[in-house]
Structure formats: C-alpha cells, structure tokens
Amino acid sequence: MEFVYETIEHGKAEFPIGFHETHCPEGFRLYPHIHEEFEFFVLAEGSGTLLIDGVPFSLSQGEGAFVNSRCIHLGTPLSSDPAFFYAIVFSPQIFGSYVNDIVIDKYVAPVIHRSLELPVLYKREIPWQAEALEIVENMYQLRRQEAPCSELTLKSQLFHLWSIFCQHGRDTGSASATGRGNLDEIRHAIEFIDKEYASKLTLSDLAKQAHMSESHFCRSFTEVMRMTPFAYIQQVRIQKSCQSLKNEDTPISGIALSCGFNDFSYYSRRFREIIGCTPSAYRKQAFASYRAQITEAKADAKLQKNP
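Procedures and definitions
- Residues numbered from 1 in each chain as written.
- Predicted model: local features only at pLDDT ≥ 70, side-chain atom pairs only at ≥ 80, totals over all residues.
- Heavy atoms only, no water.
- Pairing = 2+ DSSP bridges.
- Helix = DSSP H or I, 4+ residues; strand = E, 2+ residues; numbered from the N terminus.
- Axes fitted to C-alpha atoms, helices over the stretch in contact; angles between N-to-C directions.
- Phe/Tyr/Trp six-rings, centres within 6.5 Å; stacked < 30°, edge-to-face > 60°.
- Buried < 20%, exposed > 50% of the residue type's maximum accessible area, 1.4 Å probe, protein only.
- Lys NZ or Arg CZ within 6 Å of the ring centre and 35° of its normal.

Novice: Could you give an account of the sheet that holds strand E3 (residues 30-33), naming the residues involved and the relevant values?
Specialist: On the basis of which strands lie adjacent, the open sheet formed by four strands has the order E3-E8-E5-E6 and antiparallel pairing. Looking at which strands have only one partner, the edges of the open sheet turn out to be E3 and strand E6 (55-59). Averaged over neighbouring strand pairs, the angle between their axes works out to 25° when direction is ignored. Note: strand E5 (residues 48-52) against strand E8 (residues 73-77), five bridges, orientation antiparallel. When the sheet's bridge partners are listed, glycine 48 is paired in E8 with proline 77.

Right, here's the structure in full:
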C-alpha cells in the first residue's frame, strides 16, 4: 500500500478550521494541491520533503511548516519508512471581518498579499518555534473534544499562534507578486483542473488557461508539480472520488463516471496504483475510520464530564 489520504472538510462556514490526518505506510506522500486557506503542517512521524511553490523544505519527525494561501504544495519521501502527518487548515475569515478590522488590515491581509512574509519551517530546538508547535499540538488534540467553550479555546489558541508567526515575520516593504516566474499561470491551470476535472481535458485547454504554448506549459507544470499535467489530472480525479466513496449509497461505478473515468477497470487500476487499495476497500476503511472517530469522540466527551 502506498498511502491512505484522508479527506476532511476545512471546517464549517461558521467555524472555518479543519483538520487533516494522513498515514503513509511506505514513505511520506502528499499529492499536489492548492487552496485559499492557510495551513500549518506537522510531520508527526517519519521524514520527507515538502515543496511549496516549487521550493523544497526537508522535514524530520516533529517538525512543521506554514503554507500560505494559494501556495502550490506537495510532499515527497526521503525514505520508505512509514510516516504520519496532520495539518490544521483555516480560512482567513476566522480572524474577523474584512471591513474596518485592524486585525485583518495589519496581520492577515499583508500575509495573503505577501507584503508580510511569515517563516515557513518550525523546529523543536528553536524556543519560539517549539512554542508554536506546542500550540498546534494542543489544537490538534482538541479537535474532537466536546468540552465547554471548545470553539473559544481553539480560536484563542489560533490567535496566539498567529501572533507568534507575525512577530517573527519579515516585512517586504510593499505588496509583492503572488508567485515567481510562471507560478501564477500554473495556479490558474490548477484551479481550472479542480473545477473541470470531470470533463475531457486536453493539454491545449490547460495551456490556454496559463497563457502559454503547450510545450512551455508542460515543462513549467512538470517542474513545479513534479509530475506531468495528465498525471496530476489523474491524481485530482482519484482524490475527488475518495470524497464520494464516503457516501455509502453511491455506486462505485457511478463515482468513477462522475469523476471523469469512462472505463471502470481503468479507474480501479489507477485507484490502486495511487491510493494503494481498491475503491471498495477504501470505502470500507473510510467507514471503519469514521466509526472509530465517533467512538473516540464519545469517549473523550464522557471523560470530560466524568474526569
């Protein structure tokens, strides 16, 4: 089995903080993706390389990384040893209103626009970074607890974490471009794929989104994403199907078709190659994991009431 990717929503509209967990039995893997939310990533077990907008950052066990909004990020292994990582993904909106809000104006918008550059890597041996990692660990442990005022506790810890980030950020002087070289163009293509993944996409379609020639786009995309455009489309389709497989009532053949696979046997083969198991096995595992989470949450809630 290569890896099992657990897709979790980025919180709810009224409380946009989400938690992701991924176990990688045969080396660290994180498929390339992009989103509007901020992310703090922790490699709890193992080692690997996290690439953010094409820049590699080596991570060892217990280390973390901050990923800014709309950064292309993916993970590759440094060894075949098992790995486990989790991430806290949160919307800029959780910090407050976008209208006449000093927190947004001084400490959030500048990060999004890259005029305030936050540190990326976080290691245990540096005291302020160790404090940030401890806060993230506390937030991760709180994720399933139904303790009184848990939302307030999570949000207050997030503000504390963001304060640490900003205190050690670097003022670049003025808003800078959101990418280097062809990154912005690649982002446009990635966002197009995310919306149109079920359609029949051609290299010409993607190159037009990036305003490049087909050959230039293919080279640039592969350099940033560490895979060809076609391989990335397959990854996205498989990951989208993983989300749908958590709906027990939808036939797997229908899921394959809705995600852009017209040949079910090809879908099953690609799913096994990318995820490491069959779609039906993944579905069974997803429901087993969900039931285990419910049991754990109930146990945590009972412990909180009867310490």
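Now that the structure has been shown, the text picks up again.
Novice: Which residues make up the packing of aromatic side chains, and what values go with them?
Specialist: The tally for this structure, following the rule as stated, stands at 26 aromatic pairs. With 5.7 Å between their ring centres and 20° between their planes, phenylalanine 40 and phenylalanine 165 make a pair best called stacked. Placement of phenylalanine 40 in strand E4 (residues 38-45) and of phenylalanine 165 in helix H3 (residues 150-167) is noted, with a sequence separation of 125 residues between them. Of the two residues, phenylalanine 40 and phenylalanine 165, both sit in the buried class. Seen from their ring centres, phenylalanine 84 and tyrosine 86 are 6.5 Å apart, and the 45° between their planes marks the pair as tilted. Taken together, the ring pairs connect Phe38, Phe40, Phe66, Phe90, Phe95, Tyr122, Trp128, Phe159, Trp162 and Phe165 into an aromatic cluster. In this structure, arginine 143 packs its charged tip against the face of tyrosine 140, placed 3.8 Å from the ring centre.

That is the geometry; function is a separate question.
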